[in-house]
Amino acid sequence: MLPFVGALFAPLLTRVMKHNAGWLLAAVPLLVFVHFAGMLGTVGSGAAVSAGFDWAPSLGLRFSWYLDGLSLTFALLISGIGTLIVIYSGGYLKGHPHQGRFFSFILLFMGAMLGLVVSDSFLMLFVYWELTSITSFLLIGFDHGREASRRAALQALLVTGLGGLSLLAGLLVIAQATGTTELSSLLGSGDALRNSPLYLVALVLVLGSAFTKSAQFPFHFWLPNAMEAPTPVSAYLHSATMVKAGVYLVMRLNPVMGDTVAWETILPLFGGVTLAVGTLLAVRQTDLKLMLAYTTVASLGLLVMLTGLGSDKAIEAAALYLIAHSMFKGALFMVAGLIDHETGTRDITGLRGLRKAMPITFVAAMLAALSMGGLPLFFGFLAKEEIYATLGSPEGWQAALLIVAICGNALMFAIGFAVALRPFMGDATKTPKAAHEGPISLWLGPVVLGAAGLAAALASPIAHRLFSSPTASAVAGSPIEVTISTIPHLGVPLVLSGLTVALGIVAYLGLDRLRAAMAGVLRAIGWGPDQGFDQVLRGLLRLATGLTRIIHNGRLDIYMTVTFIAVAATLLLPMVLFDELPAMPYVPALRFYEWGVLAIAVIGVAAVVHARSRLTAIVSLGIQGFAVALLYMLFGAPDLSFTQFMVETLSVVILALVMTRLRLAPTDHRPLRQKLLDMAIAGACGIGFALLLLKVTQMPFDDRLSQFFNTYSKTIAHGRNVVNVIIVDFRGLDTLGEIAVVMVTGLAILALVRIRSKKTEVRPTVAEEA
Amino acid sequence: MQTLIFRTATPFLTCLMLMFSVFVLLRGHNEPGGGFTGGLIAASAFAIHGIAFGVPVVRRALYFHPMAIAGFGLFASAVAGLPSLLFGMPFLTGLWSAPSFFGISVDLSTVMVFDIGVYLVVVGSFTSIALALEDREHD
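Every chain begins its residue count from 1, and numbering advances along the sequence as written. Note on labels: chains are lettered from A, ligands numbered from 1, in written order. At least 70 in pLDDT is required for a residue's local features to be given in this predicted model, at least 80 for side-chain atom pairs to be given and counted, and no such filter applies to totals for whole chains, interfaces and linings, which use all residues. With hydrogens and water set aside, each side-chain value is computed from the structure's full complement of heavy atoms.

A. Molecular detail of the overall build of chain B. Helix and strand counts for chain B come out as 6 helices and 4 strands. Numbering of helices and strands runs from the N terminus; a helix is a DSSP stretch of H or I covering at least four residues, while a strand is a stretch of E covering at least two. Starting at the N terminus and walking to the C terminus, you meet the elements of chain B as α-α-α-α-α-β-β-β-β-α. Expressed as a percentage of the 139 residues in chain B, the buried residues total 47%. Contact between two residues is taken to exist if any of their heavy atoms lie within 4.5 Å; hydrogens are not considered. Across chain B, the fraction of contacts at a sequence separation of at least 24, relative to all contacts at a separation of at least 6, is 63%. We get accessible surface area from the Shrake-Rupley algorithm with a probe of 1.4 Å; when it comes to residues, only the shown protein chains can shield them. Split by element, the accessible area of chain B, about 6,900 Å² in all, is 76% carbon and sulfur. Summary of the burial criterion: residues with accessible area below 20% of their type's maximum are buried, those above 50% are exposed, and those between are partly exposed, where the area comes from a 1.4 Å probe applied to protein chains only.

Following this line, the structure appears as structure tokens:
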């Protein structure tokens, strides 16, 4: 994908061209935009573009993409707004030492986001989903010198990352339930998922990811905190694109998961609560960006609510609002950044009378705010009309949704104008920097987006044909024609709109009092999910530290004890529990020398146990090993015994060397109780192995492999020694892996020895302390 | 270690063991033996030599760092799998040829290269562990 390539070269270009690189780099998303715009005709007629290639066919994994109305609208929003954002950040971060890195991150994000919306296979969807979380983390934490920035970045990463895991689980459940790993075939599967017993599990998991990503209550807290990011990031990721990924997911899955009681309860409920909470919290803020951030939360809630309602009208409304919101919110954020950039503050209480100083910004802001407020002639108006058309004749508890929607919209209206109108009116006040109009790179974005909101509404038949209808159709899963136009027509929706606007004006005028009231309420509550997040995180850290202390306590003997108890348990428990104990073996008549070898082995073991010094114990262990090697020899495994001899010799040598190096006390000084425990564990392991081997030998022996190897070892592989032929020829790849392991182990031991040799000079070894 | 007998016997022992290890390596395809066993024998030879004469002597005699030897072995084994690709066969398929030297037919194969690689990895890894452990006796 093009943006990734762009990201690679961005730092270099920026070094050469300074902030002007933004203009050139904007060509990347522009090209993508043009490319996707070229598909408008095909997709608009209801067809879907899809392609891909096999990646791991044996696992049913494909690298494939799928483009229908919904994906295409998203792709165009991402690349279109992306173009403006890249230009904007060229001006916004002018002279910033890490501007190149910033461009790189933002292009990376763009690539990930595009990948997300065009993904067909679940795996790709998940990978891109996580990529957007990671790039968002990088962008929020871009100003990594600041504590708040780092905290916000981490918070966003953890919350959305948690959602990502939930998505992975959800997708796996869906794949399990329907047997497909591709969205395109999933969409064609009809009721398969809805009727599956796993439906509810899948729904909860998928919604978990969508709600965290799209900042639905109670996960909304990360989004306002993410405003620590530079404004272009807030405008792009946290209003226009990334946070809509959750909405995208919900919309995408609506045809196969929607239209159930659970869906139509959970989504409107969470969406409605988010809408209410978002707008109320927005009122509380005085920072331009934070006000916008909370209205974004509210808008996302509105989108989720509409998608959840699931009627054709609701989906039309969701599609329209999705497009409208991306445009006006992106523009307003850029305006907020512009004001911040040119005046040095974005506190609404200190900003007045900027309209003379910043006329272009004022126009752009008003265009966006009019759309946000849903006034006629703007795209936001269309969206709002459809919303009220959906909720206009409420049944039962949907009336609550209508009230929430009206109040929410009214408050958003108020806040939109508080951001776009209030700073510009009245007498000029003193600001940290003398207010002046920004350069073209800064005001281009908001003006274009604001004007687009107007143009799209005026040319609504074209906009509907190209964007709204295909999007709505894709969300609904059946063709929908969006017909609404800007000419107001009398009816319930218009009345409701009027009511909203009236309420909005009242709220705008009384904003200061409302804010004070909200502040009082919030103080009274005193606790929010944001603090909750910190508490959970602290608890988690404490838990992790505690666990590590218990498990990883630095005492080798405890590690060994635990390991061998586990080994003994794995060996013995299944056999005992499932009643698979082997029958008592028949003892063959052994020759006297075979008894002799066995006796040597037993003596060796006895000597180990009785040895007074460690060195004697090691050598005695060698005796036992040699005896076993002899047994191999006697019973027809010369290769094995050969190797066993060598391994025994070397291990005795190396163990002896290690022992002398560790400067251990020459004798064993464990207390008796410890000795008995260790003995019991060792005995359990030994008995476990013996029983397992007996059981295995008592199974019917399948000798097809041995026959094959015996037959073909000479003819195919030119060797009479079957064992060796297997090692170097038939299973050569295994051996290659094994010797690689041998070598890596050798390196690791070498490193360990080196580290220890340095440390021993400073302080006594841990083993000695123990 | 300062035992006279040990110090006198060690050079012969080392030579014998090294020769034997190569012998074991080469006969491996038809008789008990092979790269792994051979490698272990050679590694113990170096370990013994190190105990008798000190690590620096062995390091000088080896010339290469033992880990480098192991690395080369791994490389050789991996490369031994490549020629079969040229003939359109799967990776690591054994190729054989039997050129005759002075009238004696000798079986040569990529499998042998592979086994020599195994041998070198084992020699290198175990020798470097043993030497590293012995080395610390002197510091």
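B. Looking closely at the overall build of chain A. Of the regular secondary structure elements, chain A holds 33 helices and 2 strands. Summed over all atoms, the accessible surface of chain A reaches about 34,900 Å², with 71% contributed by carbon and sulfur.

C. Examining a nonpolar patch on the surface more closely. Patch definition: residues with relative accessible area over 30% and no salt bridge; like charges joined within 9 Å; nonpolar side chains (Val, Leu, Ile, Met, Phe, Trp, Tyr) joined within 5 Å. By salt bridge we mean one thing: a side-chain nitrogen of Lys or Arg within 4 Å of a carboxyl oxygen of Asp or Glu. On the surface, a cluster of nonpolar side chains totalling about 540 Å² of accessible area is made up of L540, L543, L547, I550 and I551 of chain A. Structurally, the position occupied by I550 of chain A is in helix α24 (residues 529-551).

D. Expanded view of the interface of chain A and chain B. Taken together, the contact pairs 38 residues of chain A with 44 residues of chain B. Buried area is a sum: the accessible area each of two parts loses on coming together, probed at 1.4 Å, counted once for each and added. Overall, the association of chain A and chain B removes approximately 3,700 Å² of surface from exposure, summing both partners, and the carbon and sulfur fraction of that is 75%. Our count for the chain A to chain B interface comes out at 0 salt bridges. In protein, a polar contact requires one atom able to donate a hydrogen and another able to accept it; more generally it is a pair of N or O atoms within 3.5 Å, and residues adjacent in sequence count only if both atoms are side-chain atoms. Put simply, chain A and chain B have 0 residue pairs in polar contact (both at pLDDT 80 or more) between them. Counting residues per element, the ones that place at least two in the side of chain A that touches chain B are α28 (638-662), α31 (722-730) and α32 (732-762) of chain A. It is α32 of chain A that contributes the most residues to the side of chain A that touches chain B, 16 residues altogether. Across the side of chain A that touches chain B, the residue classes break down as 23 nonpolar, 10 polar and 5 charged. Residues were grouped as follows: Ala, Val, Leu, Ile, Met, Phe, Trp, Tyr, Cys and Pro as nonpolar; Asp, Glu, Lys and Arg as charged; and all remaining residues, including Gly, as polar.

E. The arrangement of the packing of helix α6 (residues 99-118) of chain A against helix α12 (residues 231-240) of chain A in detail. Residues and elements named next belong to chain A. Lines are fitted to the C-alpha atoms to define the axes, a helix being fitted only along its stretch in contact, and any angle between axes, read from their N-to-C directions, falls within 0 to 180 degrees. Close contact between α6 and α12 brings their axes to 12 Å; oriented N to C, the two are set at 5°. It follows that α6 is roughly parallel to α12 by the angle criterion. Residues F102, I106, F109 and M110 of α6 touch α12, and the partners they reach there are P232, V233, Y236 and L237. By residue class, the composition of the contact of α6 with α12 is 8 nonpolar, no polar and no charged. Geometric relationships in this document are graded by angle, where less than 35 degrees denotes roughly parallel, more than 145 denotes roughly antiparallel, 65 to 115 denotes roughly perpendicular, and other angles denote oblique.

F. Focus on the UniProt feature "transmembrane region" (unreviewed entry) in chain B. Residue and element names in this part refer to chain B. UniProt positions are given in the numbering used here, feature names are shortened, and annotations may be inferred rather than shown by experiment. UniProt annotation of "transmembrane region" (unreviewed entry) refers to residues 12-29, 35-55, 67-92 and 112-133 when read in the numbering used here. Counting secondary structure, residues 35-55 comes out at 95% helix and 0% strand; the distance between its end C-alpha atoms is 24 Å. End C-alpha to end C-alpha, residues 112-133 measures 32 Å, and it is 100% helix and 0% strand.

G. Representation of the packing of aromatic side chains. The rule is short: rings of Phe, Tyr and Trp, with Trp giving its six-membered ring, pair when the centres are within 6.5 Å, and they are stacked under 30 degrees, edge-to-face over 60, tilted in between. Taken as a whole, this structure holds 12 aromatic pairs over all chains when the rule is applied. Arranged with centres 5.1 Å apart and planes meeting at 70°, the rings of F102 of chain A and F142 of chain A form a pair that is edge-to-face. Remark: F142 of chain A occurs in the loop between α7 (122-140) and α8 (147-178) and F102 of chain A occurs in helix α6; sequence separation between them is 40 residues. With a centroid separation of 5.3 Å and an interplanar angle of 85°, the aromatic rings of Y63 of chain B and F64 of chain B are classed as edge-to-face. Each member of the pair, Y63 of chain B as well as F64 of chain B, carries the same accessibility label: exposed. Joined through ring pairs, the aromatic side chains of F642 of chain A together with F20 and F23 of chain B make up one cluster. Positioned above the aromatic ring of W129 of chain A is the side chain of K213 of chain A, whose terminal nitrogen or guanidinium carbon lies 5.0 Å from the ring centre. Between R422 of chain A and the ring centre of Y508 of chain A, over which it is positioned, the NZ or CZ distance is 5.7 Å. The criterion for a charge sitting over a ring is simple: Lys NZ or Arg CZ within 6 Å of the ring centre, and within 35 degrees of the ring normal.

H. Structural context of the environment of A583 of chain A. If you trace the backbone, A583 of chain A turns up in the loop between α25 (556-577) and α26 (592-610). Through-space distance from the C-alpha of A583 of chain A to that of L694 of chain A is 8.2 Å; in sequence the pair is 111 residues apart.

I. Structural view of the nonpolar core. Formed by 180 residues in total, the largest nonpolar core has its most connected members in F36, I174, W222, Y236, L253, M257 and F379 of chain A. The greatest single-element share of this core, amounting to 20 residues, is contributed by helix α16 (residues 312-343) of chain A. With sequence-adjacent residues up to four places away left out, F36 of chain A is seen in contact with L67, L72, A75, L76, L114 and V118 of chain A. Here, nonpolar core refers to any group of buried Ala, Val, Leu, Ile, Met, Phe, Trp, Tyr and Cys residues whose side-chain atoms link them within 4.5 Å. The next biggest cluster of nonpolar side chains, apart from the first, holds 28 residues, and it includes V728 and V753 of chain A together with V24 and A132 of chain B.

J. Fine view of helix α6 (residues 110-135) of chain B. Multiplying one less than the number of residues by 1.5 Å gives the expected span of a helix. Between its first and last C-alpha atoms α6 of chain B spans 37 Å; for 26 residues at 1.5 Å apiece the expected length is 38 Å, and the two agree. α6 of chain B sits mainly inside the fold: 21 of its 26 residues count as buried.

K. Here's a closer look at the pattern of salt bridges. All names here are of chain A. Summed over all chains, the structure comprises 7 salt bridges over all chains. Close ionic contact of D340 with R346 constitutes a salt bridge, the shortest N to O distance being 3.3 Å. The class of R346 is partly exposed, set by a relative accessible area of 21%.

L. Layout of the side chain of T260 of chain A. Residues and elements named next belong to chain A. Looking at the element boundaries, T260 is found in the loop between α13 (244-257) and α14 (261-284). Looking at T260, the relative accessible area reads 15%, which means it is buried. Polar side-chain contacts of T260 include one of 2.7 Å to the side chain of Y199. In this structure, T260 is in contact with R194 and Y199, ignoring residues within four places of it in sequence.

M. Broad picture of empty space enclosed by the protein. Residue and element names in this part refer to chain A. Only protein atoms enter the 1 Å grid used here, on which a cavity is any set of points holding a 1.4 Å probe that cannot leave and a pocket is any open set flanked by protein within 12 Å on both sides along at least five of seven lines; residues with an atom within 4 Å of a point are listed as lining. Grid points are joined across faces, edges and corners, and a volume is the space filled by probe spheres set on the points. In the structure shown here, the tally under the stated rule is 3 cavities of 30 Å³ or more. In this structure, the largest cavity spans a volume of roughly 60 Å³. Residue lining of the largest cavity: Y321, F328, S371, M372, G380, K384, I387, N409, M412 and F413, and that is the complete set. Listed by contribution, the elements that provide at least two residues to the lining of the largest cavity are α16, α17 (359-373), α18 (379-391) and α19 (398-420). Here the residues of the lining of the largest cavity are counted per class, giving 6 nonpolar, 3 polar and 1 charged.

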